[in-house]
Each structure stands twice: as C-alpha cells, then as structure tokens.
Amino acid sequence: IIKWPDKCGGQIGDLVTFFLKYSNQGGKPISDIIVSDSLAPRFEYVANSARSDRDAVFTIRPNEGGSSILRWEVAGELPPGKSGTVSFQVRIR
C-alpha cells in the first residue's frame, strides 16, 4: 500500500485529500481485500468523502487516538499486476 496527500504543509482548518493505492504483486488473483487507515488525532474525517475506484463497503469507527479508523472491504478479485485506489478527506485540527 502506498499513501499520499494532495498537499503538504496544511494549516488548522485546511482540507487534505489522502489516497491509498493497493496492488497485487503476486502471480494469482487475490480476494477479501481490506484497506484500513487509522487517522492521527490531528485529522478529522470529512463525512461522506470516502471513495473507491472499485466496489467496496466503507465503514468508520473511533480509534484510541481520538480520531477514526477508516475501512474499505473491496469486492471481487484483484488480478495479478492490477491495483486499486481509495481516497478520503480530512480537516486538520
């Protein structure tokens, strides 16, 4: 998994979009893919901003740091050499 923001050096109140790319680097299709990200306390998830380029079920729950754990359960199989991307927005606290 590779994670990157759309901008660096944000200020309190700014919106930042994060992207997570996952890949199948093996030789066989994979399934039951789960992508999860635990946000740092200085980030507040922006409601309804979660996206996926593949069919996925998104859930959110609190984490121990006073922020959120974001989770995508990706449907279907991911063939060898293929990848997918999920994204979400946060507000900097």
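Since the structure is predicted, the reported quantities are computational estimates derived from the model, not experimental observations.

Student: Could you give me a rundown of the nonpolar core, with the residues and numbers involved?
Tutor: Ranked by internal contacts, the top residues of the largest apolar core, which has 18 residues, are Tyr-22, Val-35, Leu-39, Trp-72, Phe-88 and Val-90. Looking at this core, the elements that each hand over two or more residues are strand S2 (15-23), strand S3 (33-38), strand S4 (43-45), strand S7 (68-74) and strand S8 (83-92). Residues in contact with Phe-88, not counting those within four places in the same chain, are Lys-3, Val-16, Thr-17, Phe-18, Leu-20, Asp-37, Leu-39, Tyr-45, Ser-49, Ala-50, Leu-70 and Trp-72.

Student: Tell me about the sheet that holds S7, and name the residues and values.
Tutor: A sheet is described by the order of its strands in space; here three strands give the open sequence S3-S7-S6, paired in antiparallel fashion. Looking at which strands have only one partner, the edges of the open sheet turn out to be S3 and strand S6 (56-62). If you compare each strand with its neighbour and ignore which way they point, the axes differ by 15° on average. Two elements, S3 and S7, share six bridges in a ladder whose sense is antiparallel. Residue Ile-34 lies in a different strand from S7, and its bridge partner there is Glu-73.

Student: Outline the packing of aromatic side chains, supporting the account with residue identities and numerical values.
Tutor: The description of two aromatic rings rests on the distance between their centres and on the angle between their planes. According to the stated counting rule, one finds six aromatic pairs in the structure shown. Ring plane angle 65° and centroid distance 5.5 Å describe the contact between Phe-18 and Phe-43, whose orientation is recorded as edge-to-face. With Phe-18 in strand S2 and Phe-43 in strand S4, the pair connects residues that are 25 residues apart, well separated along the chain. You can call Phe-18 buried: its relative accessible area is 10%. Residue Phe-43 is classed as buried on the basis of its relative accessible area, which comes to 17%. Between the aromatic rings of Trp-72 and Phe-88, the centroid separation amounts to 6.0 Å while the plane-to-plane angle is 35°, which identifies the pairing as tilted. Taken together, the residues span a long stretch of sequence, with Trp-72 in strand S7 and Phe-88 in strand S8 at a distance of 16 residues. Residue Trp-72 is classed as buried on the basis of its relative accessible area of 1%. An aromatic cluster of three or more residues is present, and its members are Phe-18, Phe-43, Tyr-45, Phe-58, Trp-72 and Phe-88. Above the ring of Phe-18, the side-chain terminus of Lys-3 is found at 4.8 Å from the ring centroid.

Conventions we followed
- Residues numbered from 1 in each chain as written.
- Predicted model: local features only at pLDDT ≥ 70, side-chain atom pairs only at ≥ 80, totals over all residues.
- Heavy atoms only, no water.
- Core = buried A, V, L, I, M, F, W, Y, C linked by side-chain atoms within 4.5 Å.
- Buried < 20%, exposed > 50% of the residue type's maximum accessible area, 1.4 Å probe, protein only.
- Helix = DSSP H or I, 4+ residues; strand = E, 2+ residues; numbered from the N terminus.
- Contact = heavy atoms within 4.5 Å.
- Pairing = 2+ DSSP bridges.
- Axes fitted to C-alpha atoms, helices over the stretch in contact; angles between N-to-C directions.
- Phe/Tyr/Trp six-rings, centres within 6.5 Å; stacked < 30°, edge-to-face > 60°.
- Lys NZ or Arg CZ within 6 Å of the ring centre and 35° of its normal.

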